Amino acid sequence: MSADERVFVIVGASLAGARAAETLRAEGFTGRVLLIGQEDEVPYERPPLSKGFLQGKDAREKAYVHPREWYAEKDIELLLGRRAVAVHPQARTVTLDGGEQLAYDKLLLATGSRVRTLDVPGADASGVHYLRTYPDSEALRAALSRDPSPQVLVVGTGWIGMEIAAAARGYGCPVTVVGTDRAPLRKVLGDEPAAVFRKLHEANGVEFRFESGVREFGSLDGAVRSAVLDDGTELAVDLVAVGVGIRPDTALAEHAGLAVDDGVVVDASLRTSDPDIYACGDVASAYHPCWAVTCAPSTGPTRGPGARPPRRRCSGRT
């Protein structure tokens, strides 16, 4: 047994959690490290889910942060297919879905984010897809590659939507993209790059319906068959892929009574309102002293009486 009897529990076995465990060992921590993940998969990066893996070009292992044996070599305990359901700061324990209690000296929340879903009639029909996990990508890939090619509707003009649209065209599917903005990726890249991306996708056969959303979906025998846009236009569809953003997965933090504000509030050292609990990745609303210089948040003043410290929630796929 290690002479160091401290226990560091990491909730969230994706990129952020895996890198945190790696860093603990790299910096000489010799205590016990437990990495808890809801999926059965070893930690992986998410970008390939809408790129090479979705396109059928890359093996799933290519996205792994480390091969499974690496964790054993580093004495990092993987608890995969397990869900943390509660955190008890006073007792310094984490409760798992089977009722098991894990004691910790330090806890890291790397719970990432969840996809935003559409709240419109018919959105629960078969054939409406979201993309966050390997099973999501596998299901979408199988649906895109079937014969005959499905008529695809992509809802959302951000990175996920555009990458799914490109993958769908690669499978030969007719693709229509619907978005509330006036150009793809405009909010993240600006007008001129957005115009370039629009031309590239249109040249690849993608049709756009800008400044519009979906009012409802129609279905037949439980499967999506049509989409009605805000202006009343009805489109025939066989498959819908939704990419309308993410929201931080703060459920555990809220249950534990931690400060939450568009993510788990952390300081410059990623420490939460509890000194023994940290947060990182998509779920963290991180202290960022430089951000206020060019882009202060609109939720309150950053200087003077009642000022709120500048914060930015990390953007990425953890």
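Summary of the structure given here. Please read all numbers here as calculations on a predicted model, not as lab measurements.

**Examining unusual backbone geometry**
Excluding glycine, residues mostly have negative phi values, and the peptide bonds linking residues are mostly trans. Residues Asp147 and Pro148 are joined by a peptide bond in cis, for which omega reads 5°. Structurally, Pro148 can be placed in the loop between α3 (134–144) and β10 (152–155). In the Ramachandran plot, Asp75 falls in the positive-phi region, its phi being about 55° despite a non-glycine side chain. With respect to the helices and strands, the residue Asp75 is situated in the loop between α2 (68–73) and β3 (76–80). In this structure, Leu185 is a non-glycine residue whose phi angle is positive, near 65°. Following the sequence through the fold, Leu185 ends up in the loop between β11 (175–178) and α5 (186–189). Leu185 gets classed as buried once you look at its relative accessible area, which sits at 3%.

**Describing the pairing of strand β16 (residues 239–242)**
Here β16 shows no split at all, with Leu239 and Ala241 on one side and Val240 and Val242 on the other all buried. Judged from the three bridges that link them, strand β9 (residues 128–130) and β16 form a sheet pairing that is parallel. Across the sheet, residue His129 finds its bridge partner in β16, namely Ala241. Bridge count for β10 against β16 is four bridges, and the pairing is parallel. Residue pairing for β16: Val155 is matched across the bridge by Val242.

**Side note on a nonpolar patch on the surface**
On the surface, Trp159, Val188 and Leu189 cluster together to form a nonpolar patch covering roughly 270 Å² of accessible area. Summarising the element assignment, Val188 is placed in helix α5.

Calculation notes
- Numbers given to residues run from 1 along each chain, matching the order in which its sequence is written.
- The model is predicted, so local features are restricted to residues of pLDDT at least 70 and side-chain atom pairs to those at 80 or more, both for listing and for counting; the totals for chains, interfaces and linings are taken over all residues.
- Side-chain figures throughout are based on the complete set of non-hydrogen atoms in the structure, without hydrogens or water.
- Runs of H or I in DSSP of at least four residues are treated as helices and runs of E of at least two as strands, each being numbered from the N terminus.
- Note on exposure labels: buried denotes an accessible area under 20% of the residue type's maximum, exposed denotes more than 50%, and partly exposed covers the range between, all computed with a 1.4 Å probe on protein chains only.
- Two strands qualify as a pair provided DSSP detects at least 2 bridges between them.
- What goes into a patch is any residue over 30% in relative accessible area without a salt bridge, connected to like charges within 9 Å or, for nonpolar side chains (Val, Leu, Ile, Met, Phe, Trp, Tyr), within 5 Å.
- Shrake-Rupley sampling with a 1.4 Å probe provides the accessible areas, and residues are treated as covered by the protein chains on show and by no other component.
- Basic side-chain nitrogens of Lys or Arg form a salt bridge, by our definition, when they fall within 4 Å of a carboxyl oxygen of Asp or Glu.

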